[in-house]
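The chain contents come next:
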Amino acid sequence: MLYYLRKIAFYLVALWTAVTLNFLIPRMMPGDPVTILLAKAQQRGGVDPAARRAYELMLGTDTGEPLFTQYLLYLRNMARGDFGISVSSFPAPVSEVIAASLPWTVVLVGLATVLSVLTGITLGALVGWRRGTWLDSLVPATTVLSAVPYFWLALVLVAVFSSALGWFPLLGGYDVNLTPGWSGEFLASAVYYGILPAATIVISSIGGWLLGMRNMMVSTMAEDYVRTAVAKGLRNRRIMVWYAARNAALPSIAGFAISLGFVVAGSVVTEQVFSYPGIGSKLLQAVENNDYALMQGIFLVITVAVLGANLVVDLLYSIVDPRTRAGAAT
């Protein structure tokens, strides 16, 4: 129990630190979102001088209150889910912008990450178990694909499968002629538009998982308990799965936790190439427009996701490998 309490306390402190930095950093950055809004308004016509003060109060950029009071208001609003008004999607609230884009990223990048991890670990276990056979050729092939820059691989897939062959759409997350909803036609369209971006993520990340698992399998197969299992005459499949692969996969679990956390961050490059309506595109849009409120909201969601994923995997890791709890008992 002491081990779990320490873990939870550590992550609560980390969350408070991240939330505080999320409050301070935008206030130390140059630029003024009110000026950007006024510039956009002036392009459409004259702007009343009182508009600046109205924008400042609405966005909370110059309330005239002490910094500590602003910090307390920030914590209170954050607890209510009120992250302010988005400048880049003005006048939509930040919470609505994040809620509209987050599901796209979680489904696309989440499924692609899980698929690449499961495929990479499975292939890595097989390649490590049968090292020295033709299966070893998978290692350099997938490693080369992982070394290819992300945006370059996405552009190649678009050029081949969208422009040349016409098998998949060039841009977007769904057919714009359909109304977003839970209808079968819209879901089929979303899956169809998501195949190519998901393939980019899987192809570029599967090599790392395969190589890591393969090397761990080779090391694990030299352990005494695996040799003992072989000497006892146990079936090869049982030795591979329950004695070698089970222990070799432990380091991959920690890496998977980090990957799950960054799923929420999305793949900015992939979403930008495919014009996918995910959180990565919104983050890039917020940076281009100095939309501090949206950046704060997205960074907070990413922080909570990363810390939450790491906490869950830390707890699961202690169950899979009880040795990690040994130090906490003293």
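Residues numbered from 1 in each chain as written. Predicted model: local features only at pLDDT ≥ 70, side-chain atom pairs only at ≥ 80, totals over all residues. Heavy atoms only, no water.

1. Regarding the overall build of the protein
For the protein, the count of helices and strands is 14 helices and zero strands. Sequence-ordered secondary structure for the protein, helices as α and strands as β, is α-α-α-α-α-α-α-α-α-α-α-α-α-α. Of the contacts made within the protein by residues no fewer than 6 positions apart, 73% connect residues no fewer than 24 positions apart. (Helix = DSSP H or I, 4+ residues; strand = E, 2+ residues; numbered from the N terminus. Contact = heavy atoms within 4.5 Å.)

2. Regarding the packing of helix α5 (residues 94–129) against helix α8 (residues 184–220)
Between α5 and α8, whose axes approach to 5 Å, the crossing angle comes to 35°. Considering the relative orientation of α5 and α8, their crossing is right-handed. Among the residues forming the contact of α5 with α8, the class breakdown is 23 nonpolar, seven polar and one charged. (Axes fitted to C-alpha atoms, helices over the stretch in contact; angles between N-to-C directions. Left-handed = near helix turned anticlockwise from the far one by under 90°. Nonpolar A, V, L, I, M, F, W, Y, C, P; charged D, E, K, R; others polar.)

3. Quick notes on α5
Here α5 spans 50 Å end to end across 36 residues, near enough to the 52 Å set by a 1.5 Å rise per residue. Considering bend angle alone, the principal kink of α5 is centred on Ser101 and spans about 30°; proline Pro103 follows within four residues of it. (Expected span 1.5 Å × (residues − 1). Bend = angle between axes of the 7 residues up to and from the residue.)

4. Topic: the UniProt feature "transmembrane region" (unreviewed entry) in the protein
What UniProt calls "transmembrane region" (unreviewed entry) maps, in this numbering, to residues 7–25, 104–129, 150–170, 190–211, 248–274 and 294–317. Strand forms 0% of residues 7–25 and helix 100%; the C-alpha atoms that close the span are 27 Å apart. With 71% helix and 0% strand, residues 150–170 has its two end C-alpha atoms placed 17 Å apart. (UniProt positions renumbered as here; feature names shortened; annotations may be inferred.)

5. Some points on the packing of aromatic side chains
What the rule picks out here adds up to ten aromatic pairs. Between Trp104 and Tyr174, the aromatic rings sit 5.3 Å apart at their centres with planes inclined by 20°, giving stacked as the arrangement. Separated by 70 residues along the polypeptide, Trp104 in helix α5 and Tyr174 in the loop between α7 (150–164) and α8 bring together distant segments of the chain. A residue is classified by how much of its surface remains accessible, and Trp104, at 16% relative accessible area, is buried. One aromatic cluster is present, formed by Trp104, Tyr174, Phe186 and Tyr276 through successive ring pairs. (Phe/Tyr/Trp six-rings, centres within 6.5 Å; stacked < 30°, edge-to-face > 60°. Buried < 20%, exposed > 50% of the residue type's maximum accessible area, 1.4 Å probe, protein only.)

6. As for unusual backbone geometry
With glycine set apart, most residues show a phi of negative sign, and most peptide bonds adopt trans. Phi is positive for Ser275, close to 50°, though the residue is something other than glycine. Its place among the elements puts Ser275 in the loop between α12 (268–273) and α13 (279–288).

7. Some words on a nonpolar patch on the surface
A contiguous nonpolar surface patch, about 750 Å² in accessible area, is contributed by Phe151, Trp152, Leu155, Val156, Val160, Leu165, Trp167 and Val269. Here the element with the most residues in the nonpolar patch is α7; it accounts for five residues. Note that Phe151 resides in helix α7. (Patch = residues over 30% accessible without salt bridge, like charges linked within 9 Å, V, L, I, M, F, W, Y side chains within 5 Å. Areas by Shrake-Rupley, 256 points an atom, 1.4 Å probe, with all protein chains shown as cover. Salt bridge = Lys/Arg side-chain N within 4 Å of Asp/Glu carboxyl O.)

8. Here we look at the pattern of salt bridges
On inspection of all chains with the given rule, the structure shows one salt bridge. A salt bridge links Asp136 to Arg214; the shortest N-O distance between them is 3.5 Å. Note that Asp136 is positioned in the loop between α5 and α6 (138–147) and Arg214 in helix α8, a separation of 78 residues in sequence. You can call Arg214 buried: its relative accessible area is 19%.

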